[in-house]
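Each chain is listed here by its residues.
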Amino acid sequence: MKLFPATKAAPPGDGRKLGTFLGVFTPTILTILGVIMYLRFGWVVGNLGLAKTILVVLLANGITLVTALSLSAVATNTRVGVGGAYYIISRSLGLEIGAAIGLPLFLCQVLSVTLYAYGFAESLRIIWPGIPVPAATVVVILGVGYLASRGAGFALKTQLPVMGMIGLSLLALIAGVFFGGAGESVEATAVLADSPGFWTIFAVFFPAVTGIMAGLSLSGDLRDPKKSIPLGTLAAVLTGFAIYLLVPTLLWTGADAVLLREDSLVWTRIAVLGPWLVLPGLWGAIFSSAVGSALAGPRTLQALAMDRLAPGWLTGTGAHDGEPRRALGLTIGLALFAVLLGELNTVALVVTMFFLTVYGTINLVAALEGLSGNPSWRPKVRVHWVIPLLGALSCFAAMLLIHAPAGITALVIELGLWIFLARRERKADWGDVRRDVYEALIRWALIRLSHRPMTARNWRPHILVFVGRVERRLDLVRFGCWFGENRGVLTVCELVPGNLLDLTFDPPRRQKEIEAVLRREALVAFGQVSVVESVEKGVVAVAQANGIAGIESNTVLLGWPDDPERLVYFLRAIHKLRRLHQSFILGKVKPLPPGREGRRRTVHVWWGGLQQNGDLMLLLAYLLTRNPEWRGARIRVLSLASNLLAKEHTERILHRLIPEIRIEAEIEVKIKEEGVSVHEAIHAESAAADAVILGLATPQIGEEERYAQRLRELAEGLPTCFFVNNGSLFIGELVTSTEGAVGTPSAQRGPGWSGSTMGRGNGNGAQAD
């Protein structure tokens, strides 16, 4: 996907030097234990009571724990490079899906820097009521940028004192509850009297647990990502979970419900030396979250640039420390610009939604990897695919519960990005889970398909088109697509006579060239190259082997040969193809004139009866007219009769049959004039048609040369024409079989009908003899 020219990334230097504790656990736990724990937890407990608050904590942490297990499974199965979550998603679901999530993820990490800096500036009003918040926000962003520019290791080491401040604030809360005199608790029924709904409060609390990707974002800076990411992330999630079970219990014990609901700084009232120990922890938690986002954003942008989804110059790193300085400069610049947005509450909601889509997609990756059964899926942290699948569904459900409009907005933006990127040229050197999923689904379907009997009702045209060179037979292939009408599988096979070991070209490479031609011409078909002893033997050999487990080809389509002798060989193949229950279509295709305004295309079907070829001929005509290029075309069912009695009999049958099979067609039966041959009558009637479909009887062995001569005479005066020999198991049932119907009674078909316009003479007079 070449949105930007390739630029070689600078060498990483000595950047990959962080261990589990400093590189993963520290940024993750500091992002989890953030501002909501200090300022909103009391409000949650005061409104819900202790029991329901614990339920909120269990639900929210359950989602993040499953997500942590999912990313641990992925991280222990493959190398995790620069970019963290984006790297995992793009290498598992493809570049376009990774980019559709990675680009919003980067912007969210940028906006998170602004949001945390803004929150830090606002919290300073506690001690400085008149502080200019926008100016203070700019100062905080610049301070965060400076720390990040010194390198991930330096920035994270400065966070260790912050972790100590948070620990002191927790100890102060515990001491205040046990030694400072607890407030009187209120019964849960009283607390719930005028509180918001459960899910509204869940929505307020849930962002408190959405910091689990902080360590993953530094994947490119870790000494051993496979070890550090799962160990550090799971340790941080479980530690945060334990603290989030402890804090509401302490708050519920230390203050009454009214105080918890109305005072956002209730911690400072309960804790020992409250303002002196709690506020540093609060400010440290906010500031460390800003630092974490400032470290993550540039690395996501650098990974996007490495994949040519962002300008190549952003891959540049410092010569000595491997820090993505250019990406960092752009990140801090955008964060400063975001200060101008002013009201950031709505932005904060959308940021939360984008993070949740990332979590949901990580879970989806783990679920699909496990479900696909790929032998390469061998993670050290094993999770049954049902668990991450439930985690993915829970993430998307949480989006709707938190704020449905913001969640839908985030999904629409990502869907739009995916549609845009999917249309552009993409080139990736790695495989992804999508092929694994497709193969698993195909295997699942084929096994179940093999247990279902094939009936006329289920018959679909799986067409095998033989060509010498696909570029010269595109018109024939296009008719093959039209006859299939996206109902079956179309295979285009180039037959190459010769010895496989003596070839001067590479068959697999030629197959890719064929598929490229088909894609360029917007023809939905599979390419194939088969090296055969001779074309004549190759037709039957390839037709016999083509397909897989219930999706075998059932119809062979051949173009009109330039060599008259080859036409004889084709006719001889009919006997063998019928033994394989495969139908045979021989087409003489001429350039199709463009449709003119006010003129409908016409398809002529020369009817000889339903007993042999008529049903397949009608079905092909119907499928042809279902294509956009043939939409609105007229189907004319034509027949020749030797006398008036035969004419009336044929008309009566067709007028009963055509409405029954639900195909709109005009019916016209003519009496063959004396002295006019069948060939001449067909030529006169169908010379102006856009396509003519005729029956083809199975020639008697030894009579193929004479039969081929008659075919050439008949085709000579016609436009595009197709001769059809129905070798299906369901002769006479393809167009009449419906749910509850068993076909057209044989008594309606008339005496002596062969269903062929090219057979021996019979009572309806429509034969070539």
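Definitions and limits used
- Residues numbered from 1 in each chain as written.
- Predicted model: local features only at pLDDT ≥ 70, side-chain atom pairs only at ≥ 80, totals over all residues.
- Heavy atoms only, no water.
- Helix = DSSP H or I, 4+ residues; strand = E, 2+ residues; numbered from the N terminus.
- Buried < 20%, exposed > 50% of the residue type's maximum accessible area, 1.4 Å probe, protein only.
- Contact = heavy atoms within 4.5 Å.
- Areas by Shrake-Rupley, 256 points an atom, 1.4 Å probe, with all protein chains shown as cover.
- Expected span 1.5 Å × (residues − 1).
- Bend = angle between axes of the 7 residues up to and from the residue.
- Salt bridge = Lys/Arg side-chain N within 4 Å of Asp/Glu carboxyl O.
- Pairing = 2+ DSSP bridges.
- Axes fitted to C-alpha atoms, helices over the stretch in contact; angles between N-to-C directions.
- Phe/Tyr/Trp six-rings, centres within 6.5 Å; stacked < 30°, edge-to-face > 60°.
- pLDDT = per-residue confidence, 0-100.
- Right-handed = clockwise from strand over helix to strand, strands pointing away.
- Core = buried A, V, L, I, M, F, W, Y, C linked by side-chain atoms within 4.5 Å.
- Parallel < 35°, antiparallel > 145°, perpendicular 65-115°, else oblique.
- Nonpolar A, V, L, I, M, F, W, Y, C, P; charged D, E, K, R; others polar.
- Left-handed = near helix turned anticlockwise from the far one by under 90°.

1. A word on the overall build of the chain
Within the chain, the secondary structure is distributed over 26 helices and ten strands. For the chain, buried positions account for 54% of its 769 residues. Excluding contacts between residues fewer than 6 apart, the proportion of contacts in the chain whose partners are at least 24 apart in sequence is 82%. Accessible surface computed for the chain: about 33800 Å², of which carbon and sulfur atoms make up 59%.

2. Regarding helix α3 (residues 41-75)
Between the first and last C-alpha of α3 there are merely 32 Å, a value that for 35 residues lags more than 12% behind the 51 Å anticipated at 1.5 Å per step. The sharpest bend along α3 reaches about 115° and sits at glycine 49. Within α3, 25 of the 35 residues are buried, leaving the element largely enclosed by the surrounding structure.

3. Here's the deal with the environment of valine 351
Take valine 351: it is sitting in helix α16 (residues 345-372). Each C-alpha atom, one on valine 351 and one on proline 104, is 8.7 Å from the other, the two residues being 247 residues apart in sequence. Not counting the four nearest positions on each side in its chain, valine 351 is found in contact with Cys108, Leu111, Ser112 and Leu115.

4. Details of the pattern of salt bridges
Where charged atoms of side chains with opposite charge meet at close range, the side chains can pair. All told, the structure shown has 24 salt bridges when counted by the stated rule. Measuring nitrogen to oxygen at the nearest pair gives 2.5 Å for the salt bridge that ties glutamate 494 to arginine 510. Of this pair, glutamate 494 sits in strand β2 (residues 490-497) while arginine 510 sits in helix α20 (residues 507-520), and the two are 16 residues apart along the sequence. Glutamate 521 is paired through a salt bridge with arginine 520; the nearest N and O atoms lie 3.4 Å apart. Through salt bridges with shared partners, a single ionic network connects Arg634, Arg636, Glu666, Glu668, Lys670 and Glu685.

5. Quick word on the sheet that holds strand β1 (residues 463-467)
Within the open sheet, the ten strands sit side by side as β3-β2-β1-β4-β5-β10-β9-β6-β7-β8. Their pairing is mixed. Since the sheet does not close on itself, it has two edges, and those belong to β3 (526-532) and β8 (666-671), each with one partner. With strand direction ignored, the average angle separating the axes of adjacent strands in the sheet is 25°. Bridging between strand β7 (residues 634-641) and β8 involves six bridges; their strand directions are parallel.

6. A look at helix α6 (residues 133-149)
Across its 17 residues, α6 extends 24 Å between first and last C-alpha, which sits within 8% of the 24 Å expected from 1.5 Å per residue. Within the span of α6, buried status applies to Val133, Ala136, Thr137, Val140, Ile141, Val144, Gly145, Leu147 and Ala148. In this structure, the buried residues of α6 make contact with α5 (95-123), α7 (152-157), α8 (159-179), α14 (274-306) and α15 (325-338). The positive-phi residue at the C-terminal boundary of α6 is glycine 151, with phi of around 110°.

7. With respect to the environment of tryptophan 283
As for its position among the elements, tryptophan 283 is in helix α14. Not counting residues within four places of it along the chain, the set of residues in contact with tryptophan 283 comprises Phe120, Ser123, Leu124 and Ile127.

8. Regarding the packing of aromatic side chains
Counting across every chain of the model gives 16 aromatic pairs. For the pair phenylalanine 479 and tryptophan 482, a centre-to-centre distance of 4.9 Å together with 80° between the ring planes defines the contact as edge-to-face. Separated by three residues within a single helix, phenylalanine 479 and tryptophan 482 lie in helix α19 (residues 474-484), roughly one turn from each other. With respect to class, phenylalanine 479 is no different from tryptophan 482; both count as buried. Taken together, a centroid distance of 5.9 Å and an interplanar angle of 75° make the contact between tryptophan 482 and tryptophan 630 edge-to-face. With tryptophan 482 in helix α19 and tryptophan 630 in the loop between α23 (614-624) and β7, the pair connects residues that are 148 residues apart, well separated along the chain. In terms of burial, tryptophan 482 and tryptophan 630 fall into one category: buried.

9. Concerning the confidence of the model for the chain
Per-residue pLDDT for the chain has a mean of 83; in total, 87% of the residues score no lower than 70. Per-residue pLDDT stays below 50 along residues 182-192; that stretch engages in 25 contacts with residues further than four places along the chain or on separate chains.

10. Looking at the pairing of strand β9 (residues 691-695)
Remark: a regular strand shows side chains that alternate across the two faces of the sheet. In terms of burial, β9 is largely enclosed, as five of its five residues are buried. Burial along β9 is two-sided: Ala691, Ile693 and Gly695 facing one way and Val692 and Leu694 facing the other are all buried. Two elements, strand β6 (residues 602-606) and β9, share three bridges in a ladder whose sense is parallel. Within the sheet, the bridge partner assigned to histidine 604 lies in β9 and is valine 692. Two strands pair when backbone bridges link them, and β9 and strand β10 (residues 721-725) are joined in this way by four bridges, in the parallel orientation. Residue valine 692 lies in a different strand from β10, and its bridge partner there is cysteine 721. As a crossover connection, the stretch from β9 through helix α26 (residues 704-716) into β10 is right-handed.

11. Some remarks on the nonpolar core
Counting 133 residues, the largest nonpolar core has Met37, Phe205, Tyr244 and Trp267 as the members making the most contacts within it. Within the second largest apolar cluster, 50 residues are counted, among which are Trp482, Leu557, Leu618 and Val637.

12. Some words on the packing of α6 against α15
Direction vectors running N to C along α6 and α15 enclose 170°, while the axes themselves pass 10 Å from each other. Here α15 runs roughly antiparallel to α6, going by the angle between their axes. The residues of α15 that touch α6, namely those facing Val138, Ile141, Leu142, Gly145, Ala148 and Ser149, are Arg325, Leu328, Ile332, Ala335 and Leu336. Its residues assigned to classes, the contact of α6 with α15 comprises eight nonpolar, two polar and one charged.

13. Quick word on the packing of α14 against α15
One can describe the packing of α14 onto α15 by two numbers: an axis separation of 8 Å at closest approach and a directional angle of 120°. As the angle between them shows, α14 and α15 are arranged oblique. The crossing of α14 and α15 is right-handed. Touching Ala294, Gly297, Pro298, Leu301 and Gln302 of α14 are Ala327, Leu328, Leu330 and Thr331, all from α15.

14. Side note on unusual backbone geometry
With a phi angle near 65°, arginine 308 is a residue other than glycine that sits in the positive phi range. With respect to the helices, strands and loops of the structure, arginine 308 is situated in the loop between α14 and α15. With a phi close to 50°, glutamate 485 is a non-glycine residue in the positive phi region. As for its position among the elements, glutamate 485 is in the loop between α19 and β2.

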